[in-house]
Amino acid sequence: MKTILVSVSGISPAILTETVWALARESRPVVPDEVVVITTSRGAADIESLLLAPREDWGGRTVWSALRESILEGKSRDALQLSLRVVELPDPVSGVRKKAGDLRTRSDHDAAADFIVQTLAPFADAEDCRVIASIAGGRKTMGALLYAAMSLLGREEDRVTHVLVNEPFETCRDFFYPDQPVLELEARRFGRDPLTIRATDARIELADIPFVPLRNKFAELNEPRRSFAGLVERYSRSEVGNPFRPPRVSLDAERCLLSVNGRDVSLSGRDFLVAAFLHQRAVSGDPHFETRREAEGPFDRFYQSFREDAPFHPAIQRLGGHVTEDDLTKGLAGIRSRLRKAGLGGVTPHLAPERARIGFEMESSSGPPD
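Quick look at the structure, then. (Residues numbered from 1 in each chain as written. Predicted model: local features only at pLDDT ≥ 70, side-chain atom pairs only at ≥ 80, totals over all residues. Heavy atoms only, no water.)

This paragraph deals with the sheet that holds strand 1 (residues 2–9). Strands belonging to one sheet form pairs held by backbone hydrogen bonds; the direction of such a pair is parallel or antiparallel. Spatial strand order, 3-2-1-6-7-10: 6 strands in an open sheet with mixed pairing. Because the sheet does not close on itself, it has two edges, and the strands there are strand 3 (81–86) and strand 10 (204–208). Direction aside, the axes of adjacent strands within the sheet are offset by 25° on average. Taken together, the 3 bridges between strand 6 (residues 129–134) and strand 7 (residues 159–165) define a ladder with parallel strand orientation. (Pairing = 2+ DSSP bridges. Helix = DSSP H or I, 4+ residues; strand = E, 2+ residues; numbered from the N terminus. Axes fitted to C-alpha atoms, helices over the stretch in contact; angles between N-to-C directions.)

Attention now goes to the nonpolar core. The biggest cluster of nonpolar side chains holds 41 residues, and the ones touching the most others in it are V20, F175, F176 and Y177. Among the secondary structure elements, those contributing two or more residues to this core are helix 1 (14–24), strand 2 (34–39), helix 2 (41–50), helix 3 (63–71), strand 7, strand 8 (184–187) and strand 10. No other element matches helix 1, which puts 8 residues into this core. Residues contacting F176, with those up to four places away along its chain left out, are A14, T17, E18, L50, L51, R55, W58 and V63. If you look at the next biggest cluster of nonpolar residues, it comprises 37 residues, including V249, L273, Y303 and A310. (Core = buried A, V, L, I, M, F, W, Y, C linked by side-chain atoms within 4.5 Å. Buried < 20%, exposed > 50% of the residue type's maximum accessible area, 1.4 Å probe, protein only. Contact = heavy atoms within 4.5 Å.)

A few words now on helix 9 (residues 325–341). Across its 17 residues, helix 9 extends 25 Å between first and last C-alpha, which sits within 8% of the 24 Å expected from 1.5 Å per residue. Taken residue by residue, helix 9 has D327, L328, G331, L332, G334, I335, R336 and L339 as its buried positions. Among the structural elements, strand 12 (257–260), strand 13 (263–266), helix 7 (269–284), helix 8 (292–309) and helix 10 (348–351) are those in contact with the buried residues of helix 9. Where helix 9 ends, the next residue or the one after it, G343, has phi of about 75°, a positive value. (Expected span 1.5 Å × (residues − 1).)

Attention now moves to the environment of D208. Here D208 shows up in strand 10. Through-space distance from the C-alpha of D208 to that of A229 is 26 Å; in sequence the pair is 21 residues apart. Beyond its immediate chain neighbours, meaning those up to four positions away, D208 contacts R159, V160 and T161. Polar side-chain contacts of D208 include one of 2.9 Å to the side chain of R159. (Polar contact = N/O pair within 3.5 Å; in protein donor to acceptor, adjacent residues only side chain to side chain.)

Turning to the sheet that holds strand 11 (residues 249–252), a few remarks are in order. As summarised here, the arrangement of the 3 strands in space is 11-12-13, forming an open sheet in which the pairing is antiparallel. Each edge of the sheet is formed by a strand with only one pairing partner; in this case those strands are strand 11 and strand 13. Neighbour-to-neighbour, the strand axes of the sheet open up by a mean angle of 25°, direction not taken into account. Across 4 bridges, strand 11 lies against strand 12 in antiparallel orientation. Bridged to D252 within strand 12 is L257.

Let us now look at helix 5 (residues 140–153). Its 14 residues give helix 5 an end-to-end C-alpha distance of 20 Å, which sits within 8% of 20 Å, the value for a rise of 1.5 Å per residue. Burial in helix 5 covers these residues: M142, G143, L145, L146, A149, M150, S151, L152 and L153.

So, about unusual backbone geometry. Look at the link from E167 to P168: it is a cis peptide, with omega at 0°. Residue position: P168 is located in the loop between strand 7 and strand 8. Within the chain, L80 stands out as a residue other than glycine whose phi angle is a positive 55°. Take L80: it is sitting in the loop between helix 3 and strand 3. Accessibility expressed as a relative area gives 1% for L80, which makes it buried. Not every positive phi belongs to a glycine, and C256 is a case in point at roughly 55°. When you line up the elements, C256 lands in the loop between strand 11 and strand 12.

Right, dumping it as structure tokens:
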């Protein structure tokens, strides 16, 4: 399985070499096959001048080539392939996208968010790839966007990391990793005399940032890739949407379907009858019940009426002459289970809470069952 390191980078490209060095020295060393850097044109220029230009004091080698020699000793030279991806912004005047020199406006960051998703998605979707996302570099917004994109697209085996280095190395432009060829360095500290330091004294720590791989709960992410905003919008209508907004609900009694935020949930037997009962009350504007015992009588009367109107409906075939508080409890549990399996667990507090009131809180509906 390939390992892809995806990183955001600004004017401190040493973040890349520090992260690669730290990964290679974990208890179970990791050497990325490819290092994909999302940056601006200014960030790309810094990478070119600091990491990819030959340095006389490094024996004519570039920082990147020296790092590869150190890490890939005895390993495949096909690993650690660096790829720069410069964010592109639309230009309303020329109609030709241009490489972003910086990200300053909201529209710039919206475009960067889409660019990050489009860059990350092919690696996150590939079955033979594991992604490590480094959010340490670039503007804080870019790191936040990459983290959010990993939550939308990442999987359990992927990682989000941040790299930390002790002072004064974090402010030394000539420090890239501890065993670099040039060890004697000079740290220039603002308002203080220069300080001579040794690269080998640097302490680099790689911190793993926990994230929730939301894609595992949503089958719709198997459809063609959306924009960053499109992914967020789809989630907002699913399990992790606005927890304060009641869902849109309708009921198809003939097909035993409960439609929640446009997604059909198939119900059967007791589960369907409980949903139909609570849906009808919500449509009629009836108040919620405080307890299941309070709801038992009205539920049984609804059941008798439904049974009389539709004696051959599949939902009543296995039930007896009456329904009880126990049927209501089991039906609510069944509705919660079906909602969660459909990726709609976030709406259970509105429709089938485990405690508190009994009743549907919903935005709208198509009317009571026939």
